[in-house]
2 protein chains.
Amino acid sequence: MTEFAYVGKRLTKPDIYGKVTGEAKYTDDMTVPSMVEGRILASPHAHARILRIDTSKAAALPGVLCVLTHKDCPDSRFSRSTMAEALPEFAFTGERQDQYILTDKARYVGDWIAAVAAEDIYTAEAALELIEVEYELLPMILDPHKALEPGAPSVHDDVAGNIAFEMDHPFNSGDVDRAFAEAEAVVEFTGVNSRQKHLHLETDIAIAYHESDGRLVIISPSQGPHLAKKHLTKRVFPDLSDGDIRWLSPTIGGGFGARLALGVEPVAVLLARACKRPVRVTTTREEDFSGYSSRTDQHQTIRVAANKDGKLLAIEQIIVADSGAYLSHSATTATVNMQKTLGVLKCDNIRGHLTVAYTNTPTTSGFRGYGNPEGAFVFQQALDRLAEKIGMDPMEFRLKNLKVPGDPSCFVPVPLEHTKLEECIHLAAEKIGYKDKWQGWGVAKPGRYKRGIGMSVLTHASGAGGFLLEHSSCVMKVLSDGALNLIVSPCEMGQGIIGALAQVAAESSGLRYEQIRVSTGDTDVTMFDIGSHASRSMLVIGNAVAAAGVKIKEQIRDRAVALFAEHQVRVTPDQIEVRAGRITSDAAPGVAFDVAQVAYAAIYDFGSGGSQLNASGSYLSTSHHPNHQAAFAEVEVDTETGLVTVLNYVSAHDIGRAINPLLVEAQMEGSLVQGIGFALTEDFVIDPDTGRVLSDSLLTYRLPTTMDVPDMAHLLVEDPLEAGPFGAKGCGEAGLVNPAPAIANAIYDAIGVRIHSLPMAADKVLWALRHGEGAAPGGSRVSGQYL
Amino acid sequence: MTEFAYVGKRLTKPDIYGKVTGEAKYTDDMTVPSMVEGRILASPHAHARILRIDTSKAAALPGVLCVLTHKDCPDSRFSRSTMAEALPEFAFTGERQDQYILTDKARYVGDWIAAVAAEDIYTAEAALELIEVEYELLPMILDPHKALEPGAPSVHDDVAGNIAFEMDHPFNSGDVDRAFAEAEAVVEFTGVNSRQKHLHLETDIAIAYHESDGRLVIISPSQGPHLAKKHLTKRVFPDLSDGDIRWLSPTIGGGFGARLALGVEPVAVLLARACKRPVRVTTTREEDFSGYSSRTDQHQTIRVAANKDGKLLAIEQIIVADSGAYLSHSATTATVNMQKTLGVLKCDNIRGHLTVAYTNTPTTSGFRGYGNPEGAFVFQQALDRLAEKIGMDPMEFRLKNLKVPGDPSCFVPVPLEHTKLEECIHLAAEKIGYKDKWQGWGVAKPGRYKRGIGMSVLTHASGAGGFLLEHSSCVMKVLSDGALNLIVSPCEMGQGIIGALAQVAAESSGLRYEQIRVSTGDTDVTMFDIGSHASRSMLVIGNAVAAAGVKIKEQIRDRAVALFAEHQVRVTPDQIEVRAGRITSDAAPGVAFDVAQVAYAAIYDFGSGGSQLNASGSYLSTSHHPNHQAAFAEVEVDTETGLVTVLNYVSAHDIGRAINPLLVEAQMEGSLVQGIGFALTEDFVIDPDTGRVLSDSLLTYRLPTTMDVPDMAHLLVEDPLEAGPFGAKGCGEAGLVNPAPAIANAIYDAIGVRIHSLPMAADKVLWALRHGEGAAPGGSRVSGQYL
């Protein structure tokens, strides 16, 4: 194997400097001359029709430029989800255009009723208070199961029974009923996840203005500005088309999936059109909580069946997902849940069904992991329960049911091309000392503080090729000193993709990493890309970058032939090596050139110049190239308080190749902490009497702190994926999938009680210790309703 | 001939909206967080050594961040001229690195001694006054002829005799002495031009700062940022290389050649390095006058010889150019003067010699026309005098000596490929009514107000291919709606090049002009280009754009085959026409597609997508592709005041093809007004006692106003140049060449007296009317020194 110059090296990511010094510029740091401030009026009612809305007093307030309501909106419907624009138009019907810029019927507390633009934010907020709205209160429905019952109030007048979306798993296969009937062991497990909040540090914000020639500019943090443009032009403002908008994405203060949806951009555009001034629309943290962005709560009942020898025979998954008031990503996250849950292990008989219900609660969205953490929390507990029933070690049970290459992947029609999940399990088990720590089923632990160990395994996509349009293009050019400008459109939201792509660019082109300059964030100069999500960036964008880099290297080789000739050495391009900025050839020992010689000559030499080295690269991924991970958690439960402490966590990831192990590990570390919050503390609570979000600040919604971070190890199993750039698979989301189920299984190992809903907070664990496991499924989001 | 969709159309240039609404952002509109203000201390002495410089009081002023002098500068020498970086290293020796960031010896009043950065500009200016400098005054030399005399004080200690540059015309040819000896008529004419000021509305300015990763960003209006980067890294800060600098050029407030030189950028970088803060360095209008940017005054003696039948036998041109204190563009403008003056007409025996002298006056620079207006003022009067001597109509004389294709061009080794100068002369003559107005030599006009008519002809380059590295590259990509992002690096300084390039892009690609979006002004995303100057942009950049556009059209054609096939029409790509956004084929009447269908599919279709339409284009011009022009001026001279009024002006330009006639005419109109100022009013006056610039404001330096603009017509002779994009030649500079000589010849026709120096201001004309023509050459820049 070739030793790489940069791939596999733990290099510092270039975006770090601006972030630690505070010099990085976020959207809120941007100023546009004569910009005014926009604010949005939210409904105080969960379900109410607007009978009358009087904006005259607000409009008369000095400093107010315009006050807009639903009457001022184009007659357009859209879905916040921009990712849907990368769905093939023939394939997926889970795309519902049910969203309004400003609505005439509030469907949740926080729904957008009116918008104001004023010279300053204080005036804008004062104006909001002067808007008089007469509401007709409607019966509200907050629970998805109740929403689906006959006679429930309709969240959307045109949607019968509040069914936002319903489908059978497209890859149902085998004879599930017969398998269950004939199986030696069957268990059922119900559970639900909480509405985890993304809690990107930067709340939703957008600036919109028109250039002097009339073109629209949007400055906004987006995980996929090219798709956001498409959605905005196709659905929201159909008088515009792709070229009419320039989308600028400055530094992004976190994404985690929340930026895969239009936020306040339509309102900002509407205000900028109305008042003919640049408008910045901002939101507060409280509005972010009561807004439209959280993980979808997916109520699941999973049945699994096995023979006594541990062969997994059947899986059935029934999902009722609660989209909240509008559909957004709910249908697709539930779909992905089914794919991953039903697809992670080898099983011939699988069946899934999902229903997405509208409720009068805030709209949910896509979130890192995108259905997979939701499913794993329930499924991996069901697996453990099944293993217990047949008396088998849970690790052995999983090892017995691993897929091997050639088996159907989680996209069933596509054969699994590559998996190292078995190696991952063994590696992580050894690292955490599983054999010593796992004492068998039903072993009661002594004392107040009880320890337990649990595990979970996953498969996740490296981009959704075959399902989404996994297309990325990029362009690059080489400067006279051998520096390379890479112009490309990933979303650098902290994950380090810019640095990793620079490593791919340097490795593939043969130029120096230190001289790679990545330009991003301007749709006028970056080529098409569908954004950073679905653990796709390295595989898809990385392949596009590598394709361009290889062309650059070819150009250097072709031109270097003449350089060798000047030294009386005759070499062919394929005999020339270009690496880390040096040009050498085995055919000419001792002769070496700097790439700057070729790069300079391409630009400046009268003889050979006139064609600056440059290339574009494109990649269309047609498969999902799964990555895999096994993880083990060791916990300690204080049986007097219910407090769960994660002591140790080890994951091993089937990464294909880590372009930068430092960044991969950082992804795993960050997502573990996010996963611990998901598992133990993050509780999105809605008042059952009003529909209002009670956990609307970081005081009432508890994020993990550094004190909650356990000992950890994240191991990488590297075996190159043929389709990956230098063999890489994705890794951005996987780390958030295993923590909750591994911790849940460890809690059971510690205390012998299973928790069915997230978060597994202290009071809930204490309740379960005292009352045993409840029977009814349900979330924790309605305060006090525990299982 | 194909009818074009956009080429040749009088379309509105896209940059106009921002300029007329005031929304366009100039460098001074840019803000960088924590930016401080930089100001420069200028020498009050024309020639003085700094014995002691004490910055302690200035540095101690609260709010001052740093005070720098020559002691803080890197030991580097540079030439302000950035264009020199596009000269072949083997070819031209007229490049002298004689410039310092801050000097320890003042060489003119205004030379840069020290620089300050402070929290605000008032503090910065106060600090300048606190810098204590002890000067040793040295004898100064203000006149270039005296500077070349033995024993003259040396402006540069290491340059003997103040000879900054000296050379024979490289294309001297024939036997000049014999031709003069044998000729039937010989005349000599001496003359000198004034130091015309560029007077771009935006005075010199630069912002420099370091990004958090240490990379340097420069925001500054430049006519050639890529070359400016090269000059800055190669000569000024050799610790930097190309990729270490990002150069941003916002909207540019006029250039005219002044932006082809480094201005305050090195000082801004030095300050930003020293105080570790972003620094903006600004200059005032007074500093612009006393600074380093004006046309070079070129003192010329021209001898011409002819036979009585009007055959031009010999030309000899002796130039003494005054560079001022530093060389900058003086040597190259004098060289271009010789090329154009000795090359405009057919003549077998030519000889030129130039000497560039250092003086203790402000540094001169390159200016629209770049030597050609300087030469034409003298040469076209010499021609008229020769025609008078042989009794021939001056138009007929010129017509008798026109070059035809195949004759040597003004770059003698390159044959002239194309000229329509003869047509231009006839067309312009007819338009102005020359035959009726020209009454013959020596016809005295009656009355106080005397009218006269005069003419001039020129050749000018369309880029300096063969002499300069005329290389441009660009990249373009097509959006899903068929819009095109063209990313390219011309300098839009008002001439409309962005609009014209958009027309070329639309025509060559087949896309719609209205959907072309041009991105420029950021060296990180634009490919290499040597800047906008030498009337090169349309020919060189236009060819690069057309090359990329043609590739786009090919991609559209290739992909459209399948579209036709869907309509059961089998066509080959070459049967498909793409024009103005529509795809048609003669082979399929009635079938048409929008380009958006192909563009969308390239991005979004699962089947054919994955490769957004994109292309790069490069062009290296290896010839200078001359454009030509004839012009006639009709003037009225008030013999009691000397005031010259231009009544009517007609030019006819050999443009090849006008991509946008509106823009070409606007170039001619603007340059005519600038030429009238050059001819009649713009007087750069230096105090002979102190070396100080006396004409240092727009009150004392008289620009033409709307009241000075004559009736005018600018006619275009269109006959496509094979090498031009759609046949276009350049046109940016030519319009400034003919006004002064045509007006001078018209003045002679009116009053029978020739003026030998510019400007031909009222007092000078009156002096000449009363005293007759003087014998000694000399400029008007030393106040009161008239010929």
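Residues numbered from 1 in each chain as written. Chains lettered and ligands numbered in written order. Predicted model: local features only at pLDDT ≥ 70, side-chain atom pairs only at ≥ 80, totals over all residues. Heavy atoms only, no water.

A. Spatial organisation of the overall build of chain A. Counting its secondary structure elements, chain A contains 19 helices and 26 strands. Against the 2.2 N^0.38 benchmark of 28 Å for 787 residues, chain A shows a C-alpha radius of gyration of 27 Å, consistent with a compact globule. Considered along the principal axes of its C-alpha atoms, chain A spans approximately 85 × 75 × 45 Å. When burial is assessed residue by residue, chain A has 67% of its 787 residues classed as buried. (Helix = DSSP H or I, 4+ residues; strand = E, 2+ residues; numbered from the N terminus. Rg over C-alpha atoms; globule rule 2.2 N^0.38 Å. Buried < 20%, exposed > 50% of the residue type's maximum accessible area, 1.4 Å probe, protein only.)

B. Inspection of the confidence of the model for chain A at higher detail. The predicted model of chain A averages 94 in pLDDT, with 97% of residues at 70 or higher. Ignoring residues within four places in sequence, the model shows residues 775–787 of chain A, a span with pLDDT below 50, making 41 contacts including any to other chains. (pLDDT = per-residue confidence, 0-100. Contact = heavy atoms within 4.5 Å.)

C. Geometry of the pattern of salt bridges. All names here are of chain A. Applying the stated criterion across every chain yields a total of 109 salt bridges over all chains. Its salt-bridge partner being Arg 10, residue Glu 665 comes within 2.7 Å of it at the nearest N-O pair. One end of the pair, Glu 665, is in helix H17 (residues 661–681); the other, Arg 10, is in the segment before helix H1 (16–21), and 655 residues separate them in sequence. Glu 665 sits in the buried class, given a relative accessible area of 18%. Of the residues examined, Arg 10 reaches a relative accessible area of 46% and is grouped as partly exposed. (Salt bridge = Lys/Arg side-chain N within 4 Å of Asp/Glu carboxyl O.)

D. Broad picture of the relation of the copies chain A and chain B. The transform that puts chain A on chain B rotates by 180° and translates by 0.0 Å along the axis, for an RMSD of 0.0 Å. The superposition of one copy onto the other is thereby described by a two-fold rotation axis. Distance from the rotation axis, computed per C-alpha, reaches its smallest value in chain A at Val 525 of chain A: 3.5 Å. Taken together, the interface assignments show that 100% of the residues at the interface of chain A recur at the interface of chain B, consistent with an identical surface on both copies. (Least-squares fit on C-alpha atoms with pLDDT ≥ 70 in both.)

E. How the structure looks around helix H15 (residues 537–566) of chain A. Across its 30 residues, H15 of chain A extends 42 Å between first and last C-alpha, which sits within 8% of the 44 Å expected from 1.5 Å per residue. Of the residues one or two after H15 of chain A, Gln 568 of chain A is the one with positive phi, at around 60°. (Expected span 1.5 Å × (residues − 1).)

F. Molecular detail of the packing of aromatic side chains. All told, the structure shown has 26 aromatic pairs over all chains when counted by the stated rule. By the ring-pair criterion, three or more aromatic residues cluster together here, those being Tyr 434, Trp 438, Trp 441, Phe 632 and Tyr 748 of chain A. Cation over ring: Arg 754 of chain A sits above Tyr 748 of chain A, and NZ or CZ is 4.1 Å from the ring centre. Above the face of the Phe 289 of chain B ring, Lys 197 of chain B is positioned so that its terminal group lies 5.7 Å from the ring centre. (Phe/Tyr/Trp six-rings, centres within 6.5 Å; stacked < 30°, edge-to-face > 60°. Lys NZ or Arg CZ within 6 Å of the ring centre and 35° of its normal.)

G. Representation of the interface of chain A and chain B in the model. Opposite the 61 residues of chain A that make contact, chain B presents 61 residues. Both sides of the chain A and chain B interface together cover about 4500 Å² of buried area, and 57% of this is carbon and sulfur. The tally of links from chain A across to chain B stands at 4 salt bridges. Across the pair Asp 244 of chain A and Arg 517 of chain B runs a salt bridge whose closest N-O atoms are separated by 3.6 Å. Summed over the shared surface of chain A and chain B, the number is 28 residue pairs in polar contact (both at pLDDT 80 or more). (Buried area = accessible area lost by both parts, 1.4 Å probe. Polar contact = N/O pair within 3.5 Å; in protein donor to acceptor, adjacent residues only side chain to side chain.)

H. Geometry of the sheet that holds strand S10 (residues 216–219) of chain B. All names here are of chain B. Strand order in the open sheet formed by 7 strands is S3-S5-S1-S12-S9-S10-S11, with mixed pairing between adjacent strands. At either end of the open sheet lies a strand with only one pairing partner, and these are strand S3 (64–69) and strand S11 (245–248). Strand after strand, the sheet turns through a mean of 20° between neighbouring axes, direction not considered. Both S10 and S11 contribute to a ladder of 4 bridges, which runs parallel. Bridge assignment links Val 217 to a residue of S11, and that residue is Arg 246. The strands touched by helix H6 (residues 225–236) are S10 and S11; relative to S11, the strand with the most contacts, the crossing angle is about 140°. Packed on one face of the sheet, helix H7 (residues 265–275) meets strand S1 (36–42), S3, strand S5 (112–118), strand S9 (205–210), S10, S11 and strand S12 (279–282) and runs near 35° to S9. (Pairing = 2+ DSSP bridges. Axes fitted to C-alpha atoms, helices over the stretch in contact; angles between N-to-C directions.)

I. Main features of the state of the cysteines. Under the definition given, this model contains 0 disulfides over all chains. Looking at Cys 474 of chain A, it has no disulfide partner, and the nearest cysteine sulfur is the one in Cys 491 of chain A, 17 Å off. Looking at the unpaired Cys 424 of chain B, the closest cysteine sulfur is the one in Cys 731 of chain B, lying at 12 Å. (Disulfide = S-S within 2.5 Å.)

J. Seen up close, the environment of Gly 727 of chain A. All names here are of chain A. Tracing the chain through its elements places Gly 727 in the loop between strand S26 (711–718) and helix H18 (739–751). A relative accessible area of 3% places Gly 727 in the buried class. Distance in space between the C-alpha atoms of Gly 727 and Leu 539 is 8.8 Å, their sequence separation being 188 residues. Apart from the residues within four sequence positions on either side, Gly 727 is in contact with Ile 655, Gly 656, Arg 657, Pro 720 and Leu 721.

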